[in-house]
Amino acid sequence: MPDKKEDIRIGVFLCHCGSNIAGYLNMEELEEFSKKLPHVTFVQRNLYSCSEGGINEIKKGIKEQNLNRVVVASCTPRTHEPLFRSSCGEAGLNPYLFEMVNIRDQCSWVHMQEKEDGTTKAKDLIRMGVAKAALLEPQEPIMSEVQIRALVIGGGIAGMTATLAFANRGYEVVLVEKEEALGGMLNHLSKLGPTMTDASALAEEKVRAVTGHSKITVFTKAKVTLVQGFIGKYKVDIETESGNKNIDIGVIVVATGGRAFVPEGLYGYDGKRVITQLELEVLLKNGLASAIKNVVMIQCVGSRNEERPYCSRICCQTAVKNAMLIREQNPDAKVSILYRDMQMYGVENEEMFRDSKVKRVRYINYDPANPPEVEPDNVRVYHALLGRDMDLAADLVVLSTPIVAQDDANVVSQLLRVPIDENGFFMEGHVKLKPLDFATSGIFLCGSARFPANIREAVAQGLGAASRASIPLAKGSVVVEPIISVLANEDACRGCGLCVALCPYGALEIQNTEKGRKVHVIDVACKGCGVCAATCYQHALSINSFTDKQIEAQVEAFLN
Amino acid sequence: MLDVGRHPNIELLAYSEVENVEGEAGDFKVTVRRKTRYVEEDKCTGCGACAEKCPTVVPDAFNEGLGDRRAIYSYFAQGIPSTHTIDPDHCRQLNGKKCGICAKTCQAEAINFDKEDRIVELNVGAIIVAAGYDVFDPGRIPEYRYNEIPNVVTAIEFERLLSASGPTGGHMDRPSDRAVVAEIEALEKKVRKSQKALDKLEEKFNEPSAAFYKKFQAGQYQDDEDRQKWADKYAAHLAVIEPLEELKKKAAGFTVAKRLAFIQCVGSRDFRFYPFCSGYCCMHSIKEAMIAHEHEPETTSSIFGMDIRAVGKGFEEYKIRGGNNSNITYVRGRVAEITEGPNNNPIVTYEDTRERKVKSQEFDMVVLATACAPIKGIAALAKTVGVELDKYNFIKTSSLSPVDTTTPGIFVCGCAESPMDVPESVAQASSAAERAAEIAFQPELEKEKAVA
Ligand SMILES: Cc1cc2nc3c(=O)[nH]c(=O)nc-3n(C[C@H](O)[C@H](O)[C@H](O)COP(=O)(O)OP(=O)(O)OC[C@H]3O[C@@H](n4cnc5c(N)ncnc54)[C@H](O)[C@@H]3O)c2cc1C
Ligand SMILES: Cc1cc2nc3c(=O)[nH]c(=O)nc-3n(C[C@H](O)[C@H](O)[C@H](O)COP(=O)(O)OP(=O)(O)OC[C@H]3O[C@@H](n4cnc5c(N)ncnc54)[C@H](O)[C@@H]3O)c2cc1C
Ligand code: SF4
């Protein structure tokens, strides 16, 4: 080991960043200091290391000074590490023999008033970077082929839209639907708000497009039973009516939708006089009995409560739509909607809401602490504006129940090793920035499987998920940075699986090997977060470019 | 932003405008004006030395005018590209005065006062419009007195006040108080200047100004011209000091705003302006109230709304958490008017529809959740690009093809389509990218067919 170290030649480039660094730290002192660090054979200061001139100096240094490690002390790796890494590569040095030290954001900028102390801190940082650089090892990017075929699970509007999008881009798609027919919730609805499009017509149109497309294979009454592999290389078992299929898949979209909650035991629900919006859809589809003259709808039945705290987003729009459809079919029917907040967000919904008021749908706010009561002929509700109870005649009571997760959502979740949230909906990688991706590469989500969505949203998300999933298909391969977890000490691994359970990206699995149960890192799925290596009490796992040795060397350098 | 700036397949034309679009789906010719920054983009490293030295101070549009910037500036610290830009309306050099300090300061030699606009022609298969929204100007609602009461601010102004990198460093300083502090600073500057002049005179006559002035007022030195000037100067000095002391006394009592009111649907769900619901404002008010409470645990907030629309994933839970942990009260009702009470405290008058009473309540600061308005210039942009608008001036789409405009090959996403929050904008952006890719890759498919 020591004699090998002799060969290490580290070049340190100190960036002034104009005056951002040089204005607050003593650069001459840093230069002199760096020259004396172990293995450092070359030190240079640059006005801007990231400018074309600066980059050329680094390349020149590598070639002329025979450097085999490069340290740049400058700004943040968030913006500049890729540039410096690739520049090293262009000069013939393995890009992973590069180390960056942040003496700007974490030093000169925060110690503008303390030149001396700031300079001392910069020295510590540089010493640590150099100590780590000496132990860096070359890495090669990891590449893996992608099977150009997508799997969509769930054939509702979201899944069908995603399927068609893949096919329109020229990719093969397999669509798996567990029911007999495609269409999902659409099959049970009458007309769709806000445009009052016929739901069956829309479903039929989509189904025709899907089943008629040469790139699409549809399995109905089918079930995914096993998913093995990782992005680009999944082996999927599908149980179909015509026997079991085993298909190679590149990417997967989850579009399993949701189901309407059945309000057993609430507000005298009996499926006859007291029904759900979903049951009302069927009545409306077949034509409402003309005897129905007084309808009362109650919102938030089974939602926004302790058990199910979320707002299901679409039931208010559904109620408003159905209230108008009732008035259309039975023009002299009275319809009242008892609500907590009318969630008519956006342009179209608010418009429909206003329209319904013009069409004389009545709205009465109720307090969940004092909920309405369904009585044999009427519904009693406390009217806050009037300050008293009110009896509303009701020959039909319609309960607006939320969309809840599919009963088998946890099965799908386990098959794909993707998480579900506390309400049973699938959990995206990032609520704001990755709404249609799972944290695990290669798997995507859309529609009510993610969270209750209306048709407009389900369609948009179906397109969006297909778009996200098409990226690896279009590239034909996935290339990932090699800064990932590796099983550095196979003998130490006891196959306990603690790391597998904690990995947020589904990048670890336990395999039975000749040496017994051992963890296996799916390198293209690993994002190098380090959770596994930090957890492994056997120190069997290690992260490239962040090995225990390298980190220890940094800590030691700091303490010296 | 970083990813956009760095991606090899993305050519970023910032500070540019689309001037003309011709052609059809699969083959558009787009003319883009690259407005000059008077800074060479490939040379500028974004270090900011120029802005430090630039003598011209301009209100900072990024901070909603609540802070200042220089005539050479980067739009905001994390902006991509980090290139600086000279504001031609304010730069001295560009307005015929002698300056050029930035050019002398810039070590990268990136400043170029002669640089002109450039016209770029692009050939593209598909176009996505993502021009976003504007915030509604609440000055149009007379009863809220946004232009008259300093402590009535918009939500976007409040976001800047909450931001650690904003004009107050994240402190909930009230605009009326900040105005006083600014006045104090201006007066102190004046005082320092006059003190300097007085110092010289005191040295010259070897006497403190106060003592001299007493004598002067008693009738001495009446025909000494120099001393006459001295007396005038001293009188003027006193005339500044007195109000300054007053203001300082007042400022000593300033505390950060702790009693906040958030008013929903300002310009939204309002027939006079925008009848639609802007979708995201209920949530941003809750968020702002929660952050304000994190900054200052004594903060209490009242959110006045007709409905609190917490419809996204996890939103209802968030709203309840805000009520339980962040001293937020949700008040159902519409605010009738805002007036100004003592200490510049806004007073909110509203009808409590639960208790059926008209009530008034005093706050330290009122935040207006302004509507998501179609972006200025959208009509011109729509005309240039060749797409239709809906009746509110958002880009027209339909429920069943939510990102397709009225023109094939041109797609839309985000608030240019209709009001929506960030996750929905992000999801829609992917949808629009999908539709665009279907077009952009079509020719290849056709080629394949032709070969087969
Ligand atoms: C009463 C009611 C009225 C509505 N009215 C309107 C309206 O007027 N306008 C509007 O825009 N929206 C309306 N909606 C919402 C609309 O139904 C949804 O937006 C839409 O159905 C969501 O589509 P999806 O594809 O995400 O899910 P779904 O339609 O639920 O489809 C999911 C599909 O996946 C299948 N699936 C589930 N699990 C599996 C599995 N493990 N393997 C294989 N397949 C599986 C299901 O069988 C189903 O076919 C209404 C909803 C309800 C409940
Ligand atoms: C006070 C406030 C707080 C908010 N807080 C949150 C929050 O906490 N969470 C959340 O999810 N949402 C929040 N939102 C909503 C959020 O701002 C929007 O959802 C989001 O910004 C929409 O993104 P966009 O890309 O559609 O539009 P924008 O963000 O408006 O972006 C549009 C871009 O297009 C550019 N542009 C415009 N016209 C042209 C043109 N002609 N040529 C070239 N470029 C052009 C603009 O300069 C701008 O950069 C908040 C909104 C407000 C007002
Ligand atoms: S959409 Fe309306 S009915 Fe449904 S949970 Fe939300 S508030 Fe209640």
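It should be emphasised that the depicted structure is a prediction, and the values quoted were computed from it without experimental measurement.

## Remarks on the overall build of chain B
At step 1: Of the regular secondary structure elements, chain B holds 12 helices and 19 strands.
At step 2: On C-alpha atoms alone, chain B measures out to a radius of gyration of 28 Å, which is more than a quarter above the 22 Å that the 2.2 N^0.38 rule sets for 452 residues.
At step 3: Relative to its full complement of 452 residues, chain B shows a buried share of 46%.
At step 4: Within chain B, contacts between residues at least 6 apart in sequence are counted, and of these 62% link residues at least 24 apart.
At step 5: Surface summary for chain B: the accessible area is close to 22,600 Å², and the carbon and sulfur share equals 51%.

## Let's talk about helix α9 (residues 315-325) of chain B
Residues and elements named next belong to chain B.
At step 1: Residues of α9 that are buried: F315, E316, E317, K319 and G322.
At step 2: In this fold, the buried residues of α9 make contact with α8 (281-295) and β13 (328-332).
At step 3: With its phi angle positive at about 55 degrees, N327 sits one or two positions after the end of α9.

## Overview of the site of ligand 1
Residue and element names in this part refer to chain A.
At step 1: Near ligand 1, the surroundings consist of 34 residues, among which E177, G193, K321, A453 and I455 are the closest.
At step 2: One of the backbone N or O atoms of M185 is found 2.8 Å from an oxygen atom in ligand 1.
At step 3: Interatomic distance of 3.2 Å between a side-chain N/O atom of D408 and a nitrogen atom of ligand 1.
At step 4: Contributions of two or more residues to the shell around ligand 1 are made by α7 (157-168), β8 (191-192), α9 (277-286) and α10 (315-329).
At step 5: Here the shell around ligand 1 takes three residues from α9, the largest share from any one element.
At step 6: A per-class count over the shell around ligand 1 returns 13 nonpolar, 14 polar and seven charged.
At step 7: Domain assignment of the residues forming the shell around ligand 1 places at least three in each of domain 2 (149-259 + 404-478) and domain 3 (262-401).

## Looking at the pattern of salt bridges
At step 1: Under the counting rule described, the total for this entry stands at 70 salt bridges over all chains.
At step 2: For K115 of chain B, the salt bridge is made with E40 of chain B, and the minimal N-O distance between the two is 3.3 Å. Residue K115 of chain B is found in the loop between α3 (101-105) and β7 (118-124), and its partner E40 of chain B is found in the loop between β2 (27-34) and α2 (49-53); the two are separated by 75 residues along the sequence.
At step 3: Look at E40 of chain B and you get buried, because its relative accessible area is 19%.
At step 4: A salt bridge links R145 of chain B to E148 of chain B, with the shortest nitrogen-to-oxygen separation between them at 4.0 Å.
At step 5: In this structure R145 of chain B comes out as partly exposed when scored by relative accessible area, which is 25%.
At step 6: Of the residues examined, E148 of chain B reaches a relative accessible area of 53% and is grouped as exposed.
At step 7: Salt bridges sharing partners connect three or more residues here, namely R304, D341 and E350 of chain A together with R269, D307, R309, E316, K319 and R332 of chain B.

## Considering the pairing of strand β1 (residues 16-24) of chain B
All names here are of chain B.
At step 1: As paired elements, β1 and β2 share eight bridges and run antiparallel to each other. Across the sheet, E24 pairs through a bridge with D27, a residue of β2.
At step 2: Between β1 and the antiparallel strand that follows it, β2, lie two residues; G26 among them carries a positive phi value of about 95 degrees.

## A word on the environment of P376 of chain A
At step 1: Relative to the helices and strands, P376 of chain A resides in the loop between β20 (373-374) and β21 (378-383).
At step 2: Each C-alpha atom of the pair P376 of chain A and L473 of chain A lies 60 Å from the other, and the pair is 97 residues apart in sequence.

## Focus: the site of ligand 2
At step 1: Taken together, 22 residues are adjacent to ligand 2, and Y133, K287, C415, M420 and V422 of chain B come closest.
At step 2: Each of chains A and B places residues near ligand 2.
At step 3: Here V422 of chain B contributes a backbone N or O atom positioned 2.8 Å from an oxygen atom of ligand 2.
At step 4: Contact with the protein chains covers 65% of the free accessible surface of ligand 2, which is 1,000 Å².
At step 5: Taken together, the elements giving at least two residues each to the shell around ligand 2 come down to β9 (133-135), α4 (155-162), α8 and α11 (422-440) of chain B.

## Quick word on a positive patch on the surface
At step 1: A cluster of basic residues, K189, R192, K193, K196 and K200 of chain B, forms a positive patch at the surface.
At step 2: Take K200 of chain B: it is sitting in helix α5 (residues 175-205).

## Some words on the domain arrangement of chain A
At step 1: Domains assigned within chain A are domain 1 (5-139), domain 2 (149-259 + 404-478), domain 3 (262-401) and domain 4 (485-544).
At step 2: Computed over C-alpha atoms, the centres of domain 1 of chain A and domain 2 of chain A are 48 Å apart.

## Section: the nonpolar core
All names here are of chain A.
At step 1: Judged by nonpolar contacts, the single largest core of 98 residues is most densely connected at L151, F166 and I238.
At step 2: The contact partners of I238, leaving out residues within four places of it in the chain, are L151, V174, V176, F219, A222, K223, V224, T225, G243, N244, K245 and I247.
At step 3: The next biggest cluster of nonpolar side chains, apart from the first, holds 41 residues, and it includes L14, C75, F98 and I126.

## A few points about the sheet that holds strand β15 (residues 346-352) of chain B
Residues and elements named next belong to chain B.
At step 1: Spatially, three strands are ordered β14-β15-β16 in an open sheet, and the strand pairing comes out antiparallel. Since the sheet does not close on itself, it has two edges, and those belong to β14 (335-340) and β16 (357-362), each with one partner. Ignoring strand direction, the axes of neighbouring strands in this sheet form an average angle of 20 degrees.
At step 2: Across six bridges, the pairing between β15 and β16 is antiparallel. Bridge pairing in β16 places T349 opposite S360.

## Considerations on the domain arrangement of chain B
Residues and elements named next belong to chain B.
At step 1: Split by domain assignment, chain B resolves into domain 1 (36-116), domain 2 (135-174 + 256-373), domain 3 (179-251) and domain 4 (375-451).
At step 2: One C-alpha centre belongs to domain 2, the other to domain 4; they are set 33 Å apart.
At step 3: The largest share of the area that domain 2 buries against domain 4 comes from F276, Y280 and C372, three residues that together contribute 53% of it.
At step 4: Linking domain 2 with domain 4 are zero salt bridges.
At step 5: One can count one residue pair in polar contact (both at pLDDT 80 or more) joining domain 2 with domain 4.
At step 6: Broken down by class, the residue content of the side of domain 2 that touches domain 4 amounts to seven nonpolar, one polar and no charged.

## As for the environment of E296 of chain B
All names here are of chain B.
At step 1: For E296, the position within the fold is in the loop between α8 and β12 (300-305).
At step 2: For the pair E296 and K258, spaced 38 residues apart in sequence, the C-alpha separation works out to 7.5 Å.
At step 3: Apart from the residues lying within four places of it in its own chain, the contact partners of E296 are V256 and K258.

## Concerning helix α12 (residues 409-416) of chain A
Residue and element names in this part refer to chain A.
At step 1: Listing the buried residues of α12 in full gives A409, V412, S413, L415 and L416. Viewed end-on, α12 has its buried residues packed into an arc of 165 degrees, placing them on one side of the element.
At step 2: Considering only its buried residues, α12 is in contact with β6 (149-153), β11 (223-230), β14 (251-254), β24 (403-405) and β25 (443-445).

## Points about the sheet that holds strand β1 (residues 10-15) of chain A
Within a sheet, neighbouring strands are paired by backbone hydrogen bonds and run either parallel or antiparallel to one another.
All names here are of chain A.
At step 1: Taking strand neighbours across the sheet as the criterion, the four strands line up as β2-β1-β3-β4 in an open arrangement whose pairing is parallel. Every other strand in the sheet has two partners, leaving β2 (40-46) and β4 (98-102) as the edge strands with one partner each. Each strand of the sheet is rotated relative to its neighbour by a mean of 15 degrees, with strand direction disregarded.
At step 2: Two elements, β1 and strand β3 (residues 69-74), share five bridges in a ladder whose sense is parallel. Counted as the bridge partner of I10 is R69 from β3.
At step 3: Helix-sheet contacts for helix α2 (residues 27-35) involve β1 and β2, and the interaxial angle to β2 is about 165 degrees.

## Considering the packing of α7 of chain A against helix α8 (residues 199-211) of chain A
Residue and element names in this part refer to chain A.
At step 1: Two elements in contact, α7 and α8, have axes separated by 10 Å at closest approach and are oriented at 35 degrees. Both α7 and α8 take part in a crossing whose hand is left-handed. Touching I157, M160, T161 and L164 of α7 are L202, K206, V207, A209 and V210, all from α8.
At step 2: Of the residues belonging to the contact of α7 with α8, the class tally is seven nonpolar, one polar and one charged.

## As for the pairing of strand β28 (residues 508-513) of chain A
Residues and elements named next belong to chain A.
At step 1: Sheet topology places β28 next to strand β29 (residues 516-521); six bridges connect them, and they run antiparallel. What sits directly across from Q511, in β29, is K518.
At step 2: Where β28 folds back onto β29 in an antiparallel hairpin, the turn is made up of two residues.

## Thoughts on the side chain of Q461 of chain A
At step 1: With respect to the helices and strands, Q461 of chain A occurs in helix α13 (residues 455-475).
At step 2: Take Q461 of chain A: its relative accessible area is 8%, and that puts it in the buried class.
At step 3: Q461 of chain A has contacts with L436, C446, G447, R450 and A453 of chain A together with S431 of chain B, leaving out every residue within four places of it along the chain.

Cut-offs and rules
- Residues numbered from 1 in each chain as written.
- Chains lettered and ligands numbered in written order.
- Predicted model: local features only at pLDDT ≥ 70, side-chain atom pairs only at ≥ 80, totals over all residues.
- Heavy atoms only, no water.
- Helix = DSSP H or I, 4+ residues; strand = E, 2+ residues; numbered from the N terminus.
- Rg over C-alpha atoms; globule rule 2.2 N^0.38 Å.
- Buried < 20%, exposed > 50% of the residue type's maximum accessible area, 1.4 Å probe, protein only.
- Contact = heavy atoms within 4.5 Å.
- Areas by Shrake-Rupley, 256 points an atom, 1.4 Å probe, with all protein chains shown as cover.
- Near = heavy atom within 4 Å.
- Polar contact = N/O pair within 3.5 Å; in protein donor to acceptor, adjacent residues only side chain to side chain.
- Nonpolar A, V, L, I, M, F, W, Y, C, P; charged D, E, K, R; others polar.
- Domains from an automatic or database assignment.
- Salt bridge = Lys/Arg side-chain N within 4 Å of Asp/Glu carboxyl O.
- Pairing = 2+ DSSP bridges.
- Patch = residues over 30% accessible without salt bridge, like charges linked within 9 Å, V, L, I, M, F, W, Y side chains within 5 Å.
- Lys, Arg positive; Asp, Glu negative; His and termini not counted.
- Charge placed at Lys NZ, Arg CZ, Asp CG, Glu CD.
- Core = buried A, V, L, I, M, F, W, Y, C linked by side-chain atoms within 4.5 Å.
- Axes fitted to C-alpha atoms, helices over the stretch in contact; angles between N-to-C directions.
- Buried area = accessible area lost by both parts, 1.4 Å probe.
- Arc of directions from axis to C-beta.
- Left-handed = near helix turned anticlockwise from the far one by under 90°.

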